[in-house]
Amino acid sequence: MASGKVHRSPQIATTFPLQEEVENGKNRHVVKCQRCPSKILNPGMGIYKQVEFPLPHMKQKAERGEISSVQDEIIKDYWVVEDMYSFENVGFSNSVDGVKYLACADCEVGPIGWFDIAAQTSYVALSRVLHGNG
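Residues numbered from 1 in each chain as written. Predicted model: local features only at pLDDT ≥ 70, side-chain atom pairs only at ≥ 80, totals over all residues. Heavy atoms only, no water.

Looking at an unreviewed UniProt entry, the chain carries the name Guanine nucleotide exchange factor MSS4-like protein, with the source organism given as Zootermopsis nevadensis.

Structural data, given as C-alpha cells:
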C-alpha cells in the first residue's frame, strides 16, 4: 500500500432467509464452506443472533495490484458459537482491532465471521456459509 493506511467503507446491510435454518434458536442443518465441501459446524451448535457487524467483503477490489481501501459489508444474521472447540473446521486470523476473522480451515475462504477476543465468542455470518443435510 502506497500510503500505508487502509480506509474502510461499509456497504448496505444484508439479511438472510431464516425459516428453514433456525430451529429452537439454533442451526437446524450442517453449516458448510461455500467454496469447498468442508463442514464448519454441526447442527445445533450455533445460536441464532442478530448483531450488526462490518465484515470485510470476501473479494476486495484492487487498483494496480494494491488494496487501498477495505470494503466492508454490514451483516446482521449470525450463528453465535461460545466454545471455539465446537467448530468442525475453522481458522482464525491474527488480531485486527480486537477481533480475529474466521475462515474455512481447508480452503481459507473468508472472512466467514469474526471472533470477539474480549468475550471469547465467535460469530459466523449466515450469508457467508452454506446450510444443508450431509
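Draft legend 1. Spotlight on the environment of Val90. Here Val90 lies in the loop between β7 (69-81) and β8 (91-92). Here Val90 falls in the buried class, since its relative accessible area comes to 16%. In this structure, Val90 is in contact with Leu102, Ala103, Ala105 and Ile112, ignoring residues within four places of it in sequence. (Helix = DSSP H or I, 4+ residues; strand = E, 2+ residues; numbered from the N terminus. Buried < 20%, exposed > 50% of the residue type's maximum accessible area, 1.4 Å probe, protein only. Contact = heavy atoms within 4.5 Å.)

Draft legend 2. The environment of Val81, seen in detail. Looking at the element boundaries, Val81 is found in strand β7. When sequence neighbours within four positions are dropped, the list of residues in contact with Val81 reads Leu41, Met45, Gly46, Ser86, Phe87, Thr121 and Ser122.

Draft legend 3. Inspection of the pattern of salt bridges at higher detail. In total, this model carries three salt bridges according to the counting rule given. Between Glu23 and Arg28 there is a salt bridge, with its nearest N and O atoms 3.5 Å apart. The exposure class assigned to Glu23 is partly exposed, which follows from its relative accessible area of 42%. Arg28 sits in the partly exposed class, given a relative accessible area of 29%. Two residues, Glu73 and Arg128, come together in a salt bridge whose shortest N-O distance is 2.9 Å. Of the two residues, Glu73 is situated in strand β7 and Arg128 in the loop between β11 (121-125) and β12 (130-132); the sequence distance between them amounts to 55 residues. This pair shows no difference in class: Glu73 is buried, exactly as Arg128 is. (Salt bridge = Lys/Arg side-chain N within 4 Å of Asp/Glu carboxyl O.)

Draft legend 4. Summary view of the confidence of the model for the chain. Counting all residues, the mean pLDDT for the chain is 83, and 78% of those residues have values of 70 or more. Low pLDDT, under 50, characterises residues 1-14; the stretch is placed with 36 contacts to residues that sit more than four places away or in other chains. (pLDDT = per-residue confidence, 0-100.)

Draft legend 5. View of the side chain of Glu73. According to the relative accessible area criterion, Glu73 is buried, its value standing at 15%. In terms of polar contacts, Glu73 uses its side chain to reach the side chain of Arg128, at 2.9 Å. (Polar contact = N/O pair within 3.5 Å; in protein donor to acceptor, adjacent residues only side chain to side chain.)

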